[in-house]
Amino acid sequence: MPSVLTYAEVRGGDLRKISLEAASAARALADAYGGEAHVILSGGPGVGAHAGALGEHGADVAFVSEHAAFAQYNPEALSALVAERARNGYAAVLIGGSARGKDLAPRVAAKLGAAILSDVTALARDGDALVATHPVYTGKVTATLRLTAGSGPAVVSLRPGAFTAAPAPRTVRIETAAPSGDPSAVRVQVKETPSVDSRKLDLAEAPVIVSGGRGLKAAENFKLVEDLAAAFGNAAVGATRAVTDDGWRPHSDQIGQTGRQVSPALYVAVGISGAIQHIAGMRASRCIVAINKDAEAPIFKVADYGIVGDVFEVVPALTAAIRAQRAKG
Amino acid sequence: MSLSQGIFLFCLAMGAAFFAYNAQRLVRYLRIAGGGSRLNDIPRRIWNLLSIGFAQTKILRDPVAGPLHASVFWGFIILQVGAIEILVQGVARGFAYGNFLPAPLHWVFLLSQELTAGVVLVAVAALLYRRILVRPKRLQGDRVHSGDAILILAMIAALMVTLLLVSATQRVINSEHPVAVQPVSAPLAGILMALGTSPNVVEAILAVSWWSHALLILVFLNYLPYSKHLHVIVSLPNTFLSNTSGPGRIGVMPLMDLESESEHFGASDVDQLTWKNLLDGYTCTECGRCTSVCPANITGKLLSPRKVVIDTRKRTMELAPQLVSGDAPNGDIREHRLLDKFITEEELWACTSCRACVYECPVSIDQLEIINELRRYLVLSESRFPEEVQPAFEALERNGAPWAFSPSSRAEWAAGLDIPTMAELSERGETPEVLYWVGCMGSFDERAKKTTVAVARILKAAGVRFAILGQEERCNGDPARRMGNEYLYQMLAKQNIETLDRYKVKAIVTNCPHCFHQIGNEYESLGGHYEVVHHSTYIAALLEQGRIPLSQGQAGAQRIVYHDACYLGRYNDVYDAPREVIRQALPVIDVVEAKRSKDRSLCCGAGGGRMWMEERTGKRINLERKEELAATGADTVAVACPFCMTMLGDAGKGTDGYVPVVDVAELVAGRLKA
Amino acid sequence: MDVKFRIAASGNAVDETGLKWDMSDFDGYAVEIALQMIEKLGTGEVVVISLGPDAAQEVLRKALSMGATRAVHLKSDTVPFDSAAIATALAAELKDGGYDLIMFGKMAIDSASGAIGAMVGEMLGLPTVHGCATLEVANGKGFARRELEGGAEEVTFPLPAVVTIDEGIARPRYPSLKGIMAAKKKPMESKPAQLGAVRVTVDAMALPAERAAGRIIGEGAAAVPELVRLLQTEAKVL
């Protein structure tokens, strides 16, 4: 009865939302195999406390590995840990495709001599094989891939936001997983640095994203976007490539074909013309609102609702309206 | 031989020898550069010499300085006849035209000299007044040697005064000619006599005047090589040797041999230009007309076409002696090369290749050719260009278009219009009357697509059997070539020629003036020979033939100003066709002209690849032009180029009093019978 | 990638007619940063390697015209969608190369898996850093910065190492004509690729469903109340 192994990412002591998405995906796949969903939880001392949340999302067993050397991201030791655990008859290893997950998954696959499906948006069992969908050619084409692993597990990385974290509560059994070898004896040393402004809400996790483009004319005008995001209360701030290339916003804020792909419930595009490379990064949003002074801008072709107007007039008005709306409760 | 004859002969010989020395030196300097013969199409060259040179057609474009200079120039020629007499007299005492010319002819000669001297004197006085007191803007600048100009004017004045004194004193001594024939020196002679000047003094004045005049001629002649007045010698030959007013196709950039084993492509220093470019340097009179019509300079950019030419001359005078002497150079002779040390990148990239400078130059200098060769060097040899240009180059390589659009989207504008492609026609074994070449703007730009559709509708309404290349069309290569990327240009051009020849295309009507210029004029040197017209010319012809059914209804009185596209106007002399199209499309219409129109039209700012570059200094060129167009009081601006459409359409958007921009084809299409 | 794709008749590939092959964006950044490193050191060589059909040689030639020293082409007429299979072939070739630094783009811009580089690093048993936003090497050590969601990592590692390059690190230079001419004479070696077992295949390729058309609801600040109303009642996102 093959099972599914998943990796839970913990950063700064917090369980990342993507870990819950991965846990839910693992639960669904494990059910297709009639097996169990197991999770590896590693980090500094005390990380085991997150096992409960993982159990809420379908994990049967949590392998907890607490070690000082895991307090920082430790790709070599971590991939060894996951690979070692994965050799115990699992059908698949699922890893959430965050920046760290995308780093971890190929290492695990190589250590296992396994095949890998990367950045998938849907996953299912088909007999002996796994079938997944994955956006290719900058999101212009969707590929359906088939992994026939034969013996040994397959490794799959999941696109953030593509799988929903669904409750499937059970009591999770906790086991310890001891790393073989010394996890501090590694060649690659990682030290996490906090972001320049410690915004808690990440683009992959925010239900609302307010994004700004060239139409804002100058870096300081991004304040309009930030104010609108603050008015929503649960919004993150994104940017187009033009704006990050010019240095107005950091690269990690860039939404587009080569930046972040996001799928929030609401995406508000401010002063963005809608070049195809930006659209590729946000077209999966549930609802898109566009504000631009050019009625012919391509963004209006993908927006559900559009307002043609001067962003310097419309955005403050919208900010005030949203604030008032939220104040009403 | 008398002592004075001997001295004079000595002076003459010295003067001639020194002049000959300088002449051969300057010719040797020209030889450091390349370039071949320029003796094709002699009839056209002779015509240029006669019209631009002798008839001073370009000089006369300035209504004040023009006649003044023309007077001095023509006067100069006429006075040469008298100068010869004087120089011969110095050696052969007693030589005089009067000795062998019949009296009436001699009187004509005398009168001509008198009147000319008088006119020149007045003109010189006016020119001195202009230079010293009026100080027009184009005569100021850091490369302008005003002292040189004033010195020359003073010398010319002195030549005239001494000449008249010679005549006057000769009259006092022996007044053999009628007063009517010497209307200036006669009164002068009268004054001398009235003053009771003694014969000795008169003789002295004569001698001094005569010697001064003769020596001044020799001094003047030998001063020329060291002055901007070298143009006196070289401007007529330069006009003869120039291609700026033909022969051959105007505004065609020379083809580069990219297979050559040479180390450098383009020019970074004067010996990598052609001898003609260096001759242009000699010829520059520093008049500043080129700079005064340069759209970049007018709006505050660093570029000055005059400076480019004067710098070429300066560098030639610096480098050529070193190269010609063959001595081992001390230090790096390239350290001070033309590029960077004289002419900077900022100046070079500011150029819109509008050709106003070339058109305006009275002595047929080609400033643009030097700018283009330096650009070629920057791009091909050093890969140095504004960074915002790189995506355009890469898109041209990848997509055959200067933007991020794939060839498969090219014919989207034609959806539902039932327009066959060449591929479709070829499969059926048919050929169209004409190929409609749409161009990249017309294929991809939302606003320009409306013009594309308008032209297509007009062609259909006129019953013209046409086809498009659709997805097989590629950028004509003009942006790449004008930005200096000759390699990319030739790749694109050859690809297009191959496609056109495969379909055996002969007749083409283009949407855009740049496509028109490229395919019609520049593709020839790569082996592409086609009959190409721009859509305004084609539509004008159709209207003339009555082939376009226009509705008869009155279209309320409108006031329209037409903006001449550089690549239609100055490059190809197409001024009237678009105006005809407007007039015929809208019968009740007031077509007004901007202050600078037709061959003086101010560029919209997009040419020379500047459409793909940021404008970072000074006033925006398109705004400058749009304001001028709006000042005519017109309620619409008409254009015939998609780039002008974008530039002028964008200028002033969102402000009060915004004047909309339409293509002439749209005016016609709007009046098609339903 | 400005192409409008069509699906081939087979249903599991895109229609390649009229498509032009070019260097993947992230590979371009990697080549550029490699060239800059060698220029800064004043010594060393940049070797470029690619696995694919003969068309891959054009991409290698482009890298040579940017300034790379020599090229290796691992010939494979079809390129499987299997990162492990490709990584196996590359690792076999790179194993004995004695390289100080092996660089990949973070991901191929078309297949977008982002796994090959890190897999090769593991297969070679070398220190591996995936997704470098900055990269420096000095005295046998490497220093990189990786960007995370709302944060970053500073990574130090010994050489030899394998890195993959993220964007923002360097703008690939435009080859000069001189470089293009010189590239024609630089060595390009071609040999058959030793692919690993192919376990991932493409079942189908499809164009994503078009979003339903939206609408412009108004102009200027006056349209804001209507927008808020629609977001609340129709889209239900507020």
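Residues numbered from 1 in each chain as written. Chains lettered and ligands numbered in written order. Predicted model: local features only at pLDDT ≥ 70, side-chain atom pairs only at ≥ 80, totals over all residues.

Looking at the overall build of chain A
Next up, step 1: Counting its secondary structure elements, chain A contains 9 helices and 18 strands.
Next up, step 2: Computed over the C-alpha atoms, the radius of gyration of chain A is 21 Å, within 12% of the 20 Å expected from 2.2 N^0.38 for a compact globule of 329 residues.
Next up, step 3: Within chain A, buried positions represent 60% of all 329 residues.
Next up, step 4: A sequence separation of at least 24 residues applies to 66% of the contacts in chain A between residues at least 6 apart. (Helix = DSSP H or I, 4+ residues; strand = E, 2+ residues; numbered from the N terminus. Rg over C-alpha atoms; globule rule 2.2 N^0.38 Å. Buried ≥ 20, exposed ≤ 12 C-beta atoms within 10 Å, placed from the backbone. Contact = placed C-beta atoms within 7 Å.)

Quick look at the domain arrangement of chain A
Next up, step 1: Each domain of chain A was delimited in the assignment, giving domain 1 (3-176) and domain 2 (208-327).
Next up, step 2: Taking only C-alpha atoms into account, the centre of domain 1 of chain A sits 32 Å from that of domain 2 of chain A. (Domains from an automatic or database assignment.)

Quick word on the interface of chain C and chain A
Next up, step 1: At the interface, 68 residues of chain C touch 74 residues of chain A.
Next up, step 2: Elements with a contribution of two residues or more to the side of chain C that touches chain A: α3 (83-94), α4 (116-124), β4 (128-138), β5 (141-148), β6 (151-158), β9 (200-206), β10 (215-219) and α6 (224-233) of chain C.
Next up, step 3: Here the side of chain C that touches chain A is built from residues that sort into 39 nonpolar, 14 polar and 15 charged.
Next up, step 4: Where strand β18 (residues 305-308) of chain A meets β10 of chain C, 4 bridges bridge the pair, whose relative direction is parallel. Its bridge partner lying in β10 of chain C, V308 of chain A is registered against E219 of chain C. (Nonpolar A, V, L, I, M, F, W, Y, C, P; charged D, E, K, R; others polar. Pairing = 2+ DSSP bridges.)

Considering the sheet that holds strand β4 (residues 531-534) of chain B
Residues and elements named next belong to chain B.
Next up, step 1: A sheet is described by the order of its strands in space; here 4 strands give the open sequence β2-β1-β3-β4, paired in parallel fashion. Strands with a single pairing partner mark the edges of an open sheet, and in this sheet they are β2 (466-468) and β4. Strand-to-strand twist across the sheet, computed as the mean angle between neighbouring axes with direction ignored, equals 30°.
Next up, step 2: Direction of pairing for strand β1 (residues 434-437) relative to strand β3 (residues 507-510): parallel, over a ladder of 3 bridges. The residue of β3 that forms the bridge with L435 is I508.
Next up, step 3: Where helix α23 (residues 513-522) meets the sheet, its contacts fall on β1, β3 and β4, and the angle it forms with β4 comes to roughly 165°. (Axes fitted to C-alpha atoms, helices over the stretch in contact; angles between N-to-C directions.)

Re the sheet that holds strand β7 (residues 636-639) of chain B
Residue and element names in this part refer to chain B.
Next up, step 1: Strands sit in the order β6-β5-β7-β8 across an open sheet of 4 strands; the sheet is parallel. Each of the sheet's edge strands pairs with one partner strand only, and the pair in question is β6 (589-592) and β8 (661-663). Taken pair by pair, the neighbouring strands of this sheet meet at an average axis angle of 35°, ignoring direction.
Next up, step 2: Where strand β5 (residues 558-562) lies against β7, 3 bridges are found, and the strand directions are parallel. Each bridged residue has a counterpart across the sheet, and for V561 the counterpart in β7 is V637.

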